[in-house]
Amino acid sequence: MARYLTTDNTSPAVPLADIPELPYGELYDDLADRLAQERYHLAHYFAREEGERLRFYVILLDDADHKILVSSFAMGYHDEAPLPSLTALRPAAHPFERDIAERYGVRFDSMPWDKPLRLPADRRANITNYPFYTIEGDSLHEVNVGPIHAGIIEPGAFRFICNGETVLHLEIALGYQHRGVEKLMAATGNRLRQSVLAESIAGDTAVAGATAFAEAVEKLAALAAPEALVTERAVALELERMAMHIADTGALSMDVGYQLGQVACEALRTMTINTTQAWCGNRFGKGLVRPFGTNKPLTAEKVAMIRRNVAEIARRYNEVRQDIKSSPTLLARYEQCGVVPRAEMLRIGGVGMAARASGVERDLRVSHPSGIFARGIAHESIVKRHGDVMARLMMRCREVLQSAEYIDRMLESYAPAAQMPRPDYERGLAPDSLAVGLVEAWRGELCHVAVTDDRGRIADYRVKDPSLHNWLALALAVRGEGISDFPICNKSFNLSYCGHDL
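Since the model is a prediction, treat every value here as computed from it, not as a measurement.

What counts and what doesn't
Residues numbered from 1 in each chain as written. Predicted model: local features only at pLDDT ≥ 70, side-chain atom pairs only at ≥ 80, totals over all residues. Heavy atoms only, no water. Helix = DSSP H or I, 4+ residues; strand = E, 2+ residues; numbered from the N terminus. Rg over C-alpha atoms; globule rule 2.2 N^0.38 Å. Buried < 20%, exposed > 50% of the residue type's maximum accessible area, 1.4 Å probe, protein only. Contact = heavy atoms within 4.5 Å. Areas by Shrake-Rupley, 256 points an atom, 1.4 Å probe, with all protein chains shown as cover. Lys, Arg positive; Asp, Glu negative; His and termini not counted. Charge placed at Lys NZ, Arg CZ, Asp CG, Glu CD. Salt bridge = Lys/Arg side-chain N within 4 Å of Asp/Glu carboxyl O. Phe/Tyr/Trp six-rings, centres within 6.5 Å; stacked < 30°, edge-to-face > 60°. Lys NZ or Arg CZ within 6 Å of the ring centre and 35° of its normal. Pairing = 2+ DSSP bridges. Axes fitted to C-alpha atoms, helices over the stretch in contact; angles between N-to-C directions. Core = buried A, V, L, I, M, F, W, Y, C linked by side-chain atoms within 4.5 Å. Patch = residues over 30% accessible without salt bridge, like charges linked within 9 Å, V, L, I, M, F, W, Y side chains within 5 Å. Expected span 1.5 Å × (residues − 1).

K.L.:
Would you explain the overall build of the protein chain in this entry?
P.N.:
Secondary structure summary: the protein chain contains 17 helices and 13 strands in total. Rg of the C-alpha trace for the protein chain: 22 Å, near the compact-globule value of 23 Å for 502 residues, within the 12% margin. Projecting the C-alpha coordinates of the protein chain onto the three principal axes gives extents of approximately 70 × 60 × 40 Å. Residue burial in the protein chain is summarised as follows: out of 502 residues, 58% are buried. Considering only residue pairs separated by 6 or more positions, the protein chain has 68% of its internal contacts joining residues 24 or more positions apart. Here the protein chain has roughly 19500 Å² of accessible surface; of this, 50% comes from carbon and sulfur atoms. Taking the 57 positively charged and 66 negatively charged side chains of the protein chain as two groups, their mean positions are separated by 4 Å.

Structure representation (structure tokens):
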């Protein structure tokens, strides 16, 4: 029997009955071998209750052959025998095994990160009993930041172990806003409400979240979106990418006292999100992406407005980029700060912009394209090698200009459809099936998995935000740095608390 069911990012949903179910030992050995190869990485790995047992689903991406490999294994729900830990061999598996252990009490033998991934919603675990790592030594001291922060960021606890000003270790504990999003998605049969939930998981990734949900649902209905709808979704995604990268450029400028860069980027980010608002009525693109259709189709006037605004934003933003690159003071602050080597980024399963800044070319627009990148645009990833704050900043700069070019190219000859399909919230979905929505959001790989029951209702919904992998990269970035470097290292990743906490 084949070990995996093979599909791709444009194919319909797969029946659960067609997904191979292997003995754990066999799948474990195979995954250990494959994950040692750079071409493979886990998109998701989760368990769900099926009758009197737990069935574990593995969604493995083959970046070289552009394939999605799906497999599974099962165990009795009350079976207390520990499973060999894949994390012990391949650290990229650690968030998935920790999540499974936290949800279902499954024990993994030799698991090196045997602690909560997210604090449970019932708050039986909290900051007072979280098992932070400790190091003994008279010259060492601990610095705790959070979980309550000044300003507007969300709650998270950062525990530093320092020798003087030098950070030896940073441990990050999240989960303080564990909202039960995945349970809410499965608890309602109202697809409009599910769409609103999907775009609300992380407010700065509303378009990507709604797109991942829409693509998963459309796969469950075996219905591909029409060309015009694909184009408009792609424009919205690239506008979101531009807005967030520009905002982060401003934040990094602010943290080193470069006020001109800060205020210029604040103005340009406002211009970008106001462009989205002029299109759909919401600055963050909420309400814009819906399954099977749209309520906010582009008009010729809006196409012209978007092209005009994007060209102006790109022109002015490029001036900020040039100023940063020509400033010795800024270069001295950003370069060789917060380095994450390529090998470490691969070990932890880093994705998206942060991984590409460390030389890991992991980009769904190339490896598993969908939408416009499967139909019209051959994306070329921007990759940096130094893995420092400067590389992550320059990634943003280059991707803003690239996104602006893509938007102009998509809209240059775009004629708005005379009759764009409207959203369909009642269309039947394939029963007992699994669909994966994979979108390269501005932070990186966003994976939504929908599993239906025998009536075609979504019975389980799982979300993997790119931050799930990349928070550990932040912890690695500050090792050996002065603790005063933490703010710019943190901003250079700008990871999601709520995308992680769900």
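K.L.:
I tried to follow the pattern of salt bridges on my own but got confused; where do I start?
P.N.:
Between side chains of opposite charge, a pair can form as their charged atoms come close. Tallied over the entire structure, the rule returns 40 salt bridges. Here aspartate 30 makes a salt bridge to arginine 34, at a shortest N to O gap of 2.7 Å. Within this pair, aspartate 30 and its partner arginine 34 are both found in helix α1 (residues 24-34), separated by 4 residues, close to a single helical turn. For arginine 356, the salt bridge goes to glutamate 440, with nearest N and O atoms at 3.0 Å. In this pair, arginine 356 is assigned in helix α11 (residues 352-357) and glutamate 440 in strand β11 (residues 433-440), connecting sequence segments 84 residues apart. The burial state of arginine 356 is the same as that of glutamate 440; both residues are buried. Here the residues in one salt-bridge network are Glu21, Arg48, Glu50, Arg53, Arg55, Asp460 and Arg462, joined through shared partners.

K.L.:
So what exactly am I meant to see when it comes to the packing of aromatic side chains here?
P.N.:
Any pair of aromatic rings gets described here by the distance separating the centres and the angle formed by the planes. A full pass over the atoms with the stated rule returns 10 aromatic pairs. Members of the aromatic cluster, connected to one another through ring pairs, are Phe158, Phe160, Trp471, Phe486 and Tyr497. For arginine 365, the ring lying beneath its charged end belongs to phenylalanine 373, and the centroid distance is 6.0 Å. In this arrangement the basic side chain of arginine 427 is found over the ring face of phenylalanine 292, its NZ or CZ atom lying 5.1 Å from the centre.

K.L.:
Even after reading the chapter, I still don't get the sheet that holds strand β9 (residues 157-163), so can you show me in this structure?
P.N.:
Each strand in a sheet pairs with its neighbour through backbone hydrogen bonds, running either in the same direction (parallel) or in the opposite one (antiparallel). Within the open sheet, the 3 strands sit side by side as β8-β9-β10. Their pairing is antiparallel. Each having just a single partner strand, β8 (140-145) and β10 (166-173) make up the two edges of the open sheet. Each strand of the sheet is rotated relative to its neighbour by a mean of 20°, with strand direction disregarded. Where β9 meets β10, 7 bridges bridge the pair, whose relative direction is antiparallel. Directly across from alanine 157, in β10, lies its bridge partner alanine 173. On top of the sheet, helix α15 (residues 467-477) reaches β9 and β10; it is set at about 160° to β10, its chief contact.

K.L.:
In this structure, what is going on with unusual backbone geometry? I would like to understand it.
P.N.:
The phi torsion of most residues other than glycine is negative, and most of the peptide bonds are trans. Even without a glycine there, the phi angle at histidine 66 is positive, about 60°. Checked against the element boundaries, histidine 66 lands in the loop between β4 (53-62) and β5 (67-76). Here leucine 502, not a glycine, exhibits a phi torsion of approximately 50°, which is positive. Here leucine 502 lies in the segment after α17 (497-501).

K.L.:
Whenever I open this one, the nonpolar core confuses me. Can you help?
P.N.:
Considering soluble globular proteins, one finds that nonpolar side chains tend to be buried as a cluster. Counting 101 residues, the largest nonpolar core has Phe158, Ile306, Ile324, Ile407 and Leu474 as its most contacted members. Setting aside anything within four residues of it in sequence, one finds isoleucine 306 in contact with Val235, Thr275, Trp279, Leu298, Ile407 and Leu411. Counting 30 residues, the second largest nonpolar core, distinct from the first, contains Leu69, Met75, Ile100 and Tyr104.

K.L.:
Help me understand the sheet that holds β4, please; the structure alone is not making it clear to me.
P.N.:
The sheet built from 4 strands is open, its strands ordered β1-β5-β4-β3 with antiparallel pairing. A strand with exactly one partner marks an edge of an open sheet, and here the two such strands are β1 (5-7) and β3 (40-50). Pairs of neighbouring strands in the sheet enclose a mean axial angle of 25°, with direction left out of account. Together, β3, β4 and β5 form the strand contacts of α1, whose direction differs from that of β5 by roughly 145°. Sheet contacts for helix α2 (residues 94-104): β3 and β4; angle to β3, the most-contacted strand, approximately 10°.

K.L.:
Please explain the pairing of β10 as it appears in this structure.
P.N.:
Side chains on a regular strand alternate between the two faces of the sheet. With 6 of 8 residues buried, β10 lies mostly within the body of the structure. The turn linking β9 back onto β10 is made up of 2 residues, and glycine 164 within it adopts a positive phi angle of 65°.

K.L.:
I'm lost on a nonpolar patch on the surface in this one. Help?
P.N.:
On the surface, Tyr133, Ile135 and Leu168 cluster together into a nonpolar patch covering about 250 Å² of accessible area. Tracing the sequence through the fold places isoleucine 135 in the loop between β7 (108-109) and β8.

K.L.:
What is the right way to read helix α5 (residues 206-220) from this model?
P.N.:
Note that an α-helix has 3.6 residues per turn; residues three or four places apart therefore point the same way. For α5, spanning 15 residues, the distance from its first C-alpha to its last is 21 Å, which sits close to the expected 21 Å at 1.5 Å a residue. Extensive coverage of α5 is indicated by the burial of 15 of its 15 residues. Positive phi shows up at alanine 222, right after α5, with a value of about 55°.

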